[in-house]
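For reference, the chains in residue letters:
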2 protein chains.
Amino acid sequence: MAKTLDPKAPLRLGIAGLGTVGVGVIKIVQQKAELLSKRTGHPIVITAVSARTRDKDRGVDISGYAWEDDPVSLALRKDVDVFVELMGGADGPAKAATEAALSAGKDVVTANKAMLALHGQDLAIQAEDNGAVLRYEAAVAGGIPVIKSLTEGLAGNRITRIIGVMNGTCNYILTRMENEGLPYDEVFAAADALGYLEADPTLDVGGIDAGHKLALLASIGFGTQVAFSDMVLEGIERITISDIRHAADMGYRIKLLGVAQMTGRGLEQRMTPCLVPDNSPLGQLENATNMVVIEGDAVGQIVLRGAGAGEGPTASAVLSDVIDIARGTRLATFGQPARELVKAKSAVAATPAPYYLRMSLVDKPGALAKIAAALGNAGVSIDRMRQYGQLENPDVAPVLIVTDATSRHALDHALEEMDATGVLAEAPVAIRIEAV
Amino acid sequence: MAKTLDPKAPLRLGIAGLGTVGVGVIKIVQQKAELLSKRTGHPIVITAVSARTRDKDRGVDISGYAWEDDPVSLALRKDVDVFVELMGGADGPAKAATEAALSAGKDVVTANKAMLALHGQDLAIQAEDNGAVLRYEAAVAGGIPVIKSLTEGLAGNRITRIIGVMNGTCNYILTRMENEGLPYDEVFAAADALGYLEADPTLDVGGIDAGHKLALLASIGFGTQVAFSDMVLEGIERITISDIRHAADMGYRIKLLGVAQMTGRGLEQRMTPCLVPDNSPLGQLENATNMVVIEGDAVGQIVLRGAGAGEGPTASAVLSDVIDIARGTRLATFGQPARELVKAKSAVAATPAPYYLRMSLVDKPGALAKIAAALGNAGVSIDRMRQYGQLENPDVAPVLIVTDATSRHALDHALEEMDATGVLAEAPVAIRIEAV
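Residues numbered from 1 in each chain as written. Chains lettered and ligands numbered in written order. Predicted model: local features only at pLDDT ≥ 70, side-chain atom pairs only at ≥ 80, totals over all residues. Heavy atoms only, no water.

### Side note on the side chain of glutamine 261 of chain A
Link 1 in the chain: Examined against the element boundaries, glutamine 261 of chain A turns out to sit in strand S9 (residues 252-263).
Link 2 in the chain: The contact partners of glutamine 261 of chain A, leaving out residues within four places of it in the chain, are Thr160, Arg161, Phe222, Gly266, Leu267, Glu268, Arg270 and Thr351 of chain A. (Helix = DSSP H or I, 4+ residues; strand = E, 2+ residues; numbered from the N terminus. Contact = heavy atoms within 4.5 Å.)

This is the structure we're talking about:
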């Protein structure tokens, strides 16, 4: 994959997508030309851009750049060395233009987690077959250099576990619910008003966006093909303020937590709400900040924390990839040749853990006994249980249970049996308690 | 600096120094040969080693490696591509062998912070003049990929400040003093018994070791020549358990904190005890863990945390450099050509801050007034002050003062005037309160 610029020759970028991140990249390239040139040995310049709307005040001067309506044409321009894809979307123009660039042997830098989570394996092969590199530091945890740390800095380790809070919007919602005692719907609406949510908000609150990111980290860490479809996904939509308070009473906080680990039964990948100890680095994470914890057999635990989104942080990550390319650093997309990545067997929640269960029982004699029996029959033992009255609806009794460590399989078995008893007033909420 | 291995050719290491870190490196190379080969495309092998004592059970089999008594001979061997320097010591054999390797155009990977802090500029020039690379991830904060994050991951930023707790032994001592209420001398002795201290313990508790690390980060971050001699150094030897308690009462913890920042008056570099908010990531850092906080104009604040020492973490960092070299990644030692690094003007504590002052006054009427006057005359205003009785020694009155934000210069002026009044029973302790 050797591909070196002539000494002092400029590295020419074509940028497709002029939203927040694209504008951030343009600002850095324009304002720090001298610094970038010193650090890489090459001027870094933008030669052409593309976006949906040409005439729009973006707060940066793009008049010196050639304009292309079609990102594929942009990617194929002779005066573009690196195609910078900042349009987003798993398919459509982003993928078409990325493929065009790679086929032409051009390097690609992208912030597109969805595209990589769904098509990363194919795109990585295409890059490697054409002597191009495909980099995506900005796709995971914004400005935190986590792709670099995992692919390069910790490459002497057998990675044992990757944990992360990687959706700032979810953490913002959960933190505000906790700190201000507000219900989910209200904070969700506030986040929406602030523009924190994706056009399809289930990408955020459903855990999909964060799941895309985790799938990429798992591939690098475990040398496996990206397998987003194997990820267990659960959003934060059903978390209530009382769940947050119960968790706090027990010394925990609720986070939308990603966990990837290689188990004896296969690769476990999940992005679900979890209880984590409130004195752990993850438990202490407030607002929209992201955190990724990487555990390796030699290094122990490394914690990386920073802004997971926003113009500056994301542009910083894009630039780090561009700078690598300018310096001649050429790495395989997932840290080893894509054709050598193995297809991992998927293990769904193979590792046992205690669970927090919240359920509402119809207020009939024997209801609680039926719940306890269902757990017992599935081999799930109870660490503590609490039933309490509720003024608003005296016909329903809220019950809180913390189980001992159990497999998700056994727990699901118990939940099915509970459902069949007819004593549940609504579907129970089960939240894993993760040791971090 | 292009220098590439033939496809599939092994990368051959010569390791000088078979202490904890050397043994850790050997273990990784032996135990993870397949993984390393997959990740780099080249077998990574050890061909020769060197140490002070040949016959010693190190828990690893070195019988397959050639032995050299002299590390210079090791560095110059034809079958060594990368000289791995793990002997330590700023001068002597480590420097001689490093220079020999670089002169011969061989790449060097080292964990030697002292050598780089004192001779980094010369060695970097030597490396670059000979087309070699000189890497040292293991020299700073053990397993945390901080050199990589700063040099590469955040290279699109103008770095504004670097803060770090980078001496695990000092943090261990301060944490145990706080958690167990033990005096400094006792915890120091315990750390010594555990083998946590360098042969010369002032390297640890005097802040020198951590200062070496900070000087390297400052050079990369600010594009300046390493200037360890400009660093303001102050150890933790005079911190008492009562300082720790007073700090805690005010919501702070005491850390041996490194701060490097470029100010209008020049480069400020200091490694001194500081008070930091107890709810900040730095304030929450316990035991021997290290943390480095990097602030950049685009990325905001990035926090990196992990084990700062030990066999596995340090070997992990050494391997990351070796892996970079095997992959063909070739970077300038301090992130840009050494000849282009500027010699920074040194600014001693240019940024103002509040200070915590602890002093013992001779118990005479008017003593406190003289102290207050000295502060006032120097333009230092008092945020709060407390004088309290002391049973053991009724002739001396301990006084605690927190100032408003002031320059260190004004404070030193006040301390001099206080000294001249003759009311101080001993030299005061002044600890900066750092906003982190």
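So, next bit.
### Digging into the packing of aromatic side chains
For any pair of aromatic rings, geometry is given as the distance between the ring centres together with the angle between the planes.
All names here are of chain A.
Link 1 in the chain: The final tally for this structure, using the stated rule, is six aromatic pairs over all chains.
Link 2 in the chain: Aromatic pair tyrosine 136 and phenylalanine 334: ring centres 5.8 Å apart, planes at 50 degrees, arrangement tilted. Of the two residues, tyrosine 136 is situated in the loop between strand S6 (134-135) and helix H6 (146-153) and phenylalanine 334 in the loop between helix H12 (311-327) and strand S13 (355-362); the sequence distance between them amounts to 198 residues.
Link 3 in the chain: Residue class for tyrosine 136 comes out buried when judged on its relative accessible area of 0%.
Link 4 in the chain: For phenylalanine 334, a relative accessible area of 1% corresponds to the buried category. (Phe/Tyr/Trp six-rings, centres within 6.5 Å; stacked < 30°, edge-to-face > 60°. Buried < 20%, exposed > 50% of the residue type's maximum accessible area, 1.4 Å probe, protein only.)

### Considerations on the pairing of strand S4 (residues 82-85) of chain B
Residue and element names in this part refer to chain B.
Link 1 in the chain: With burial as the criterion, each face of S4 is covered, one bearing Val82 and Val84 and the other bearing Phe83 and Glu85.
Link 2 in the chain: The sheet contact formed by strand S1 (residues 11-16) and S4 spans four bridges and is parallel. Note on S4: the bridge partner recorded for alanine 16 is glutamate 85.
Link 3 in the chain: Here S4 pairs with strand S5 (residues 107-110) via four bridges, running parallel. Its bridge partner being in S5, glutamate 85 is matched across the sheet by threonine 110. (Pairing = 2+ DSSP bridges.)

### Side note on the sheet that holds strand S2 (residues 44-50) of chain A
Link 1 in the chain: The strand order S3-S2-S1-S4-S5-S6 (chain A) describes an open sheet built from six strands, whose pairing is parallel. Each having just a single partner strand, strand S3 (66-68) and S6 of chain A make up the two edges of the open sheet.

### Some thoughts on the pattern of salt bridges
Residues and elements named next belong to chain A.
Link 1 in the chain: Tallied over the full model, the rule gives 50 salt bridges over all chains.
Link 2 in the chain: Arginine 384 serves as the salt-bridge partner of aspartate 383, at 3.3 Å between the closest nitrogen and oxygen.
Link 3 in the chain: Residue classification places aspartate 383 among the partly exposed residues on the basis of a relative accessible area of 43%. (Salt bridge = Lys/Arg side-chain N within 4 Å of Asp/Glu carboxyl O.)

### A word on the environment of leucine 18 of chain B
Link 1 in the chain: One can find leucine 18 of chain B in the loop between S1 and helix H1 (20-31).
Link 2 in the chain: As a C-alpha pair, leucine 18 of chain B and serine 50 of chain B span 32 residues in sequence and 7.3 Å in three-dimensional space.

### Here we look at the interface of chain A and chain B
Link 1 in the chain: Taken together, the contacts link 48 residues of chain A with 48 residues of chain B.
Link 2 in the chain: For the pair chain A and chain B, the two sides together bury roughly 4000 Å², of which 48% comes from carbon and sulfur.
Link 3 in the chain: Interface area lost by chain A to chain B is led by Arg39, Arg305 and Arg327 of chain A, which between them contribute 15%.
Link 4 in the chain: In this structure, the connection of chain A to chain B is made through four salt bridges.
Link 5 in the chain: With its nearest N and O atoms 2.7 Å apart, the salt bridge here joins glutamate 152 of chain A to lysine 148 of chain B.
Link 6 in the chain: Inspection of the region where chain A meets chain B yields 20 residue pairs in polar contact (both at pLDDT 80 or more).
Link 7 in the chain: If you tally residues by element for the side of chain A that touches chain B, the top one is H12 of chain A, at eight residues.
Link 8 in the chain: Taken together, the residues that form the side of chain A that touches chain B break down as 19 nonpolar, 17 polar and twelve charged.
Link 9 in the chain: Two elements, strand S12 (residues 300-307) of chain A and strand S12 (residues 300-307) of chain B, share three bridges in a ladder whose sense is antiparallel. Bridge assignment links valine 303 of chain A to a residue of S12 of chain B, and that residue is arginine 305 of chain B. (Buried area = accessible area lost by both parts, 1.4 Å probe. Polar contact = N/O pair within 3.5 Å; in protein donor to acceptor, adjacent residues only side chain to side chain. Nonpolar A, V, L, I, M, F, W, Y, C, P; charged D, E, K, R; others polar.)

### Some words on unusual backbone geometry
Link 1 in the chain: With a phi angle near 55 degrees, asparagine 287 of chain A is a residue other than glycine that sits in the positive phi range.
Link 2 in the chain: Tracing the sequence through the fold places asparagine 287 of chain A in the loop between strand S10 (266-277) and strand S11 (289-296).

### Considering the pairing of strand S16 (residues 429-433) of chain A
On a regular strand, one side chain projects to one face of the sheet and the next to the other, so that they alternate.
Residues and elements named next belong to chain A.
Link 1 in the chain: Along S16, five of the five residues are buried, which leaves the element largely enclosed by surrounding structure.
Link 2 in the chain: Burial of S16 is two-sided: the residues Val429, Ile431 and Ile433 facing one way and the residues Ala430 and Arg432 facing the other way are all buried.
Link 3 in the chain: As paired strands, S10 and S16 are joined by two bridges and run parallel to one another. Looking at the pairing, cysteine 274 lines up with arginine 432 of S16.
Link 4 in the chain: With four bridges joining them, S13 and S16 adopt antiparallel strand pairing.

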